[in-house]
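Next come the chains, spelled out residue by residue.
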Amino acid sequence: MEQTLQVGLGERSYPISIGSGVLDSIGNRLRAANIAKRYALISDDQVAGLYGARVLQSLSDAGLSCELLTFPHGEISKHLQTIGDLASGLAERGFDRKDGLIALGGGVTGDITGFLAAIYMRGIPFVQVPTTLLAQVDSSVGGKTGVDIPQGKNLIGAFYQPKAVFIDTEVLGTLASTEFIGGMAEVIKYGASIDADFFAWLGENRQAILALEPSCIIPMIRRCCEMKATVVEQDEREGGLRRILNFGHTIGHAVEAASGYQLIHGFAVAIGMVAVTELAVKSGLAASGVAGSIRELLEAYELPTA
Ligand code: GLY
């Protein structure tokens, strides 16, 4: 049932593997891919507690050396000090350009680890092991990395592609249901902005998706990654087309900020998608009824729309 696809970016191309139980075979996969001499597993304190030992064991079983470096969970850690602390941790352990990083966690971990990989010794390889739905369908693919500064989110960063993305759908079982629902906002974003059939499919398969049935979850994540790959292949550095992936995010980010970051990202994006579509309908850029159908699907997944 495992699915694989490729992000085609010339010499920076990489595979995405999606399946149940992928976590336990990461060591063998990394050994076969021959990406680095040894690895640092970067994770927040919560995800490290849940899955760190399994990933370390998998690398050890495959004969690969790996050390765990953690940071406190949450967006609060997504700043330059965390990058500095982790870089010092790597330097103290003698990590050099032949070594690599593994990002194990959600969007914050992927963004931090990717940015650290982009700048440590002017660039070392890294792989993404996303553990939230949002990271699995969006942030782990495409090479956007970075941290926040007091003036705004993601204002410091780099486009830096991973060498591989390993998606284990089993880990969604330990994800808080609010986080899963928040991730569904990004899934719905793909349907609303790129693929009408997929949008309809999300409505028809709601129950199976919410029950995390692998027969729906794996193809759903695959389709999102496929759409993201197709967009990134055409516009890696967001000169134009890639902005389609920001549907709902302009108003969403404002809503998120206005809530003092109490509202989770996916919820804010859901509100942003409805608001911007209503504006598009009013401006004659979208047919009447479009905002209603987006609102209806978001509400079916118990996402806020206002
Ligand atoms: N999350 C939108 C992008 O990667 O472009």
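My aim in this report is to walk through the structure given alongside it, one point at a time. (Residues numbered from 1 in each chain as written. Predicted model: local features only at pLDDT ≥ 70, side-chain atom pairs only at ≥ 80, totals over all residues. Heavy atoms only, no water.)

A short note on unusual backbone geometry
Positive phi is not limited to glycine here, since R122 has a value of about 65 degrees. Among the structural elements, R122 can be located in the loop between α4 (107-119) and β6 (126-130). Exposure remark for R122: the relative accessible area of 75% places this residue in the exposed category. The phi angle at L212 is positive, at roughly 60 degrees, despite the residue not being glycine. For L212, the position within the fold is in the loop between α8 (206-210) and α9 (214-234). (Helix = DSSP H or I, 4+ residues; strand = E, 2+ residues; numbered from the N terminus. Buried < 20%, exposed > 50% of the residue type's maximum accessible area, 1.4 Å probe, protein only.)

Section: the packing of aromatic side chains
In this structure the tally under the stated criterion is 2 aromatic pairs. Measuring from centroid to centroid gives 6.0 Å for F126 and Y160, while their planes differ by 15 degrees, and the two rings are stacked. Remark: Y160 occurs in the loop between β8 (152-159) and β9 (165-168) and F126 occurs in strand β6; sequence separation between them is 34 residues. Since its relative accessible area comes to 22%, Y160 is described here as partly exposed. Arranged with centres 5.8 Å apart and planes meeting at 15 degrees, the rings of F198 and W201 form a pair that is stacked. Separated by 3 residues within a single helix, F198 and W201 lie in helix α7 (residues 196-204), roughly one turn from each other. The class of F198 is buried, set by a relative accessible area of 5%. You can call W201 partly exposed: its relative accessible area is 23%. It is R38 that lies over the ring of F95; its NZ or CZ is 4.0 Å from the centre. When the ring centre of Y190 is taken as reference, the NZ or CZ atom of K189 above it lies at 4.9 Å. (Phe/Tyr/Trp six-rings, centres within 6.5 Å; stacked < 30°, edge-to-face > 60°. Lys NZ or Arg CZ within 6 Å of the ring centre and 35° of its normal.)

Points about the pairing of strand β3 (residues 38-44)
Most of β3 is tucked away: 7 of the 7 residues are buried. Here β3 shows a buried face lined by R38, A40, I42 and D44 and a second buried face lined by Y39, L41 and S43. Sheet analysis places β3 next to strand β4 (residues 65-71), joined by 7 bridges and oriented parallel. Paired with I42 across the strands is L69, a residue of β4. Pairing between β3 and strand β5 (residues 100-105): 5 bridges, direction parallel. Across the sheet, residue I42 finds its bridge partner in β5, namely A103. (Pairing = 2+ DSSP bridges.)

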